Amino acid sequence: QVEVSLRTLAITELTNLTTLSDFLSNSELSLIAQYFTETVLMDDNEYVFNSAIGGLAQIAQLDSSVLVEVTLPTLISLLPDADEPVRINGQDKPKEKIFDVIVSISTGGALVNFMVIRLLNKLEQLQTTLSNQGDGLY
């Protein structure tokens, strides 16, 4: 329980740092976004997950381009090209977890546009993969 409290507190304080005007460089903000992204993907604790989602949402309000460059490509790359489980650090995770993260942080118009385009591209790849697999059946 103490470990969860410390992780949640660390995320909260990092989120607070992001709100300080001109305190963090763009690369530092990107590193924090990367940490929050890894946290939401790997940590199954609800409090830690929600804190990291809140941090990503805060970063999205400040500079959505950071999430477009760091978080969203990572999330899209984890979506499988076939009907198979999502593998994160050797563990199977439900695909819904990735979609939950995407929905939670895609609040601004730029993020939504980016996600729609990327998801459509991913669907086209999946359709191509499935049709190529079907060609070998006949």
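Residues numbered from 1 in each chain as written. Predicted model: local features only at pLDDT ≥ 70, side-chain atom pairs only at ≥ 80, totals over all residues. Heavy atoms only, no water.

Description of the pattern of salt bridges
Item 1. Across all of its chains, the model carries 3 salt bridges by this definition.
Item 2. Among the ionic pairs, E3 bridges to R7, the shortest N-O distance being 2.7 Å. One end of the pair, E3, and the other, R7, are both in helix 1 (residues 2-18), 4 residues apart, so they sit about a helical turn from each other.
Item 3. According to the relative accessible area criterion, E3 is exposed, its value standing at 53%.
Item 4. Between R7 and D43 there is a salt bridge, with the nearest N and O atoms lying 2.9 Å from each other. Taken together, the residues span a long stretch of sequence, with R7 in helix 1 and D43 in the loop between helix 2 (26-42) and helix 3 (46-62) at a distance of 36 residues.
Item 5. When its relative accessible area of 23% is taken as the criterion, R7 is described as partly exposed.
Item 6. For D43, a relative accessible area of 13% corresponds to the buried category.
Item 7. Linked through salt bridges whose partners overlap, the residues forming this network are E3, R7 and D43. (Salt bridge = Lys/Arg side-chain N within 4 Å of Asp/Glu carboxyl O. Helix = DSSP H or I, 4+ residues; strand = E, 2+ residues; numbered from the N terminus. Buried < 20%, exposed > 50% of the residue type's maximum accessible area, 1.4 Å probe, protein only.)

Here's the deal with the side chain of T37
Item 1. Its place among the elements puts T37 in helix 2.
Item 2. Residue classification places T37 among the buried positions, given a relative accessible area of 3%.
Item 3. Within the structure, the side chain of T37 is placed 2.7 Å from the backbone oxygen of A33, a separation counted as a polar contact.
Item 4. With residues up to four places along the chain from it excluded, the contact list for T37 reads L56, T71 and T74. (Polar contact = N/O pair within 3.5 Å; in protein donor to acceptor, adjacent residues only side chain to side chain. Contact = heavy atoms within 4.5 Å.)

Topic: the nonpolar core
Item 1. V40, I59, L75 and I105 are the most contacted members of the largest nonpolar core, which has 28 residues in total.
Item 2. Looking at this core, the elements with two or more residues in it are helix 1, helix 2, helix 3, helix 4 (64-69), helix 5 (71-78), strand 1 (86-88) and helix 6 (95-105).
Item 3. With 7 residues, the top contributor of residues to this core is helix 3. (Core = buried A, V, L, I, M, F, W, Y, C linked by side-chain atoms within 4.5 Å.)

Remarks on the packing of helix 2 against helix 3
Item 1. Across the interface, helix 2 lies against helix 3 with an axial gap of 9 Å and an inter-helix angle of 145°. Read as a crossing pair, helix 2 and helix 3 show a hand that is left-handed. Along its contact with helix 2, which presents L29, I32, A33, F36, T37, T39 and V40, the element helix 3 presents V48, F49, A52, I53, G55, L56 and I59.
Item 2. The class makeup of the residues in the contact of helix 2 with helix 3 is 11 nonpolar, 3 polar and no charged. (Axes fitted to C-alpha atoms, helices over the stretch in contact; angles between N-to-C directions. Left-handed = near helix turned anticlockwise from the far one by under 90°. Nonpolar A, V, L, I, M, F, W, Y, C, P; charged D, E, K, R; others polar.)

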